[in-house]
Amino acid sequence: MLVFWLVFSFILGLSAGSFLNCLIWRLSHRKTLLGRSICPKCGHQLFAKDNIPLLSFLLLRGRCRYCQEKISFEYPLLEFVTGILFVLVTLKNLGLLPLVFGWNMGQTFSTDLSPQNIFILKTIRDWIGVFILLFIFVYDLKYQIIEDIVVLPALLVVFLLNIFLGFPWQRIALGILVGLVFFGSQYLLTKGKGIGLGDLRIGCFLAAFFAEPWLFLFSLFFGYIIGGAVGLILVVLKRKKWKSAVPLGPFLVLGAFLVLFT
Ligand SMILES: [Zn+2]
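If you're wondering where the values come from, they're calculated on a predicted model, not measured in any experiment. (Residues numbered from 1 in each chain as written. Predicted model: local features only at pLDDT ≥ 70, side-chain atom pairs only at ≥ 80, totals over all residues. Heavy atoms only, no water.)

Trainee: Give me the lowdown on the coordination of the zinc ion, citing residues and values where you can.
Mentor: Those protein atoms acting as donors to the zinc ion are C39 (SG), C42 (SG), C64 (SG) and C67 (SG), and they sit at 2.3 to 2.4 Å. The coordination sphere of the zinc ion comprises four donor atoms, whose angles at the metal cover 103 to 120°; the geometry is tetrahedral. Considered as a linear motif, the donors of the zinc ion on their single chain read C-x2-C-x21-C-x2-C. Highlighted residues: C39 in the loop between α1 (2-28) and α2 (55-59) and C67 in the loop between α2 and α3 (74-93), separated in sequence by 28 residues. Judged by relative accessible area, which is 27%, C67 ranks as partly exposed. (Donors = N, O, S within 2.8 Å, 3.2 Å for Na, K, Ca; no water. Tetrahedral: all angles 85-135°; square planar, octahedral: opposite > 155°, others 65-115°. Helix = DSSP H or I, 4+ residues; strand = E, 2+ residues; numbered from the N terminus. Buried < 20%, exposed > 50% of the residue type's maximum accessible area, 1.4 Å probe, protein only.)

In structure tokens form, the structure reads like this:
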């Protein structure tokens, strides 16, 4: 049964990663989300056999079947990472992942739900969270934009799932308020140059996802530490000027993963 759950999680994660690639590509090129996939180079329609996550890339040796153009390794990499993180979510919620700190294990849930239902709801919530966090990571890194059309509906869904799981909505709302004040004040103080409104939206999503304000604050703390360290290294190596340093979003995501998986 355990093997079934892990294989299921991995395949679901690979498919989610594949969808994520498609979502990122189509949003960034302002294409509709409907319709068949095409090769970005030659425009040839891609069929199911060209679109199997990870496997197609390996079988085609990283080239388009029709024009032989190289396919970026980012696509299978994102699929693989999503697959692995989906498996980690399942392991964690089954209590089988050896956690160093167990940050979000102390959360309390409604006693009306059976342990199975708590596991299912929590796992679905965490899969959605991982999916959106990876979306933010890649999209913010590549385009420095946060797409409301993806992040805001996801925020609403994790908010509702957390309420089903028995978290008082007031606590979640308090976390979101903390995020609004934390990022809003930085936005006003730096006149929008340091912190963008995108970071504010990431903050609100993280607050809704973690449900507990202190977990959310921990993720911000880790994100700022990692971001500050990487920024400092880049400045020392003279790769970047301090002002034009890297976007904050990807580091907030890493901070969130640390809270989720350690
Ligand atoms: Zn092609």
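Trainee: Run through the packing of helix α4 (residues 115-143) against helix α7 (residues 197-210), naming residues and quoting values.
Mentor: Orientation of α4 relative to α7, taken along the N-to-C sense of each, is 165°, at an axis distance of 11 Å. By the criterion of interaxial angle, the relationship of α4 to α7 is roughly antiparallel. For the element pair α4 and α7, the recorded crossing hand is left-handed. The segment α4 lies against α7, with R125, D126, G129, I132, L133, I136 and D140 engaging D199, I202, F205, L206 and F209. Split by residue class, the contact of α4 with α7 holds seven nonpolar, one polar and four charged. (Axes fitted to C-alpha atoms, helices over the stretch in contact; angles between N-to-C directions. Parallel < 35°, antiparallel > 145°, perpendicular 65-115°, else oblique. Left-handed = near helix turned anticlockwise from the far one by under 90°. Contact = heavy atoms within 4.5 Å. Nonpolar A, V, L, I, M, F, W, Y, C, P; charged D, E, K, R; others polar.)

Trainee: Tell me what's going on with unusual backbone geometry, and back it up with residues and numbers.
Mentor: Phi is positive for L54, which is not a glycine, with a value near 65°. Within the secondary structure, L54 is located in the loop between α1 and α2. With a phi angle near 65°, A211 is a residue other than glycine that sits in the positive phi range. Mapped onto the elements of the fold, A211 is located in the loop between α7 and α8 (213-236).

Trainee: How would you explain the nonpolar core if you had to name every residue and give the values?
Mentor: V130, F135, F205, F210 and F257 are the most contacted members of the largest nonpolar core, which totals 61 residues. Contributing elements (two or more residues each) for this core: α1, α3, α4, α5 (148-164), α6 (169-189), α7, α8 and α9 (249-261). When residues of this core are assigned to their parent elements, the largest contribution, 12 residues, is made by α4. Mapped onto the domain boundaries, this core takes at least three residues apiece from domain 1 (1-88) and domain 2 (99-262). (Core = buried A, V, L, I, M, F, W, Y, C linked by side-chain atoms within 4.5 Å. Domains from an automatic or database assignment.)

Trainee: Which residues make up the environment of V138, and what are the values?
Mentor: Relative to the helices and strands, V138 resides in helix α4. Given the relative accessible area of 17%, V138 is considered buried. Dropping the residues within four chain positions of it, V138 is found in contact with I24 and L78.

Trainee: Give me the lowdown on α6, citing residues and values where you can.
Mentor: The periodicity of an α-helix, 3.6 residues per turn, causes residues three or four places apart in sequence to face the same way. With 21 residues, α6 ought to run about 30 Å at 1.5 Å a step, and its terminal C-alpha atoms sit 30 Å apart, in line with that. Along α6, the positions that sit buried rather than exposed are I172, G175, I176, G179, F183, G184 and Q186. The arc enclosing the buried residues of α6, seen along the axis, measures out at 160°, which places them on a common side. Exposed positions of α6 whose direction lies more than 90 degrees from the buried face are V181, L188 and L189. Contacts made by the buried residues of α6 are with α5, α7, α8 and α9. One or two positions beyond α6, positive phi appears at K191, with a value near 50°. (Expected span 1.5 Å × (residues − 1). Arc of directions from axis to C-beta.)

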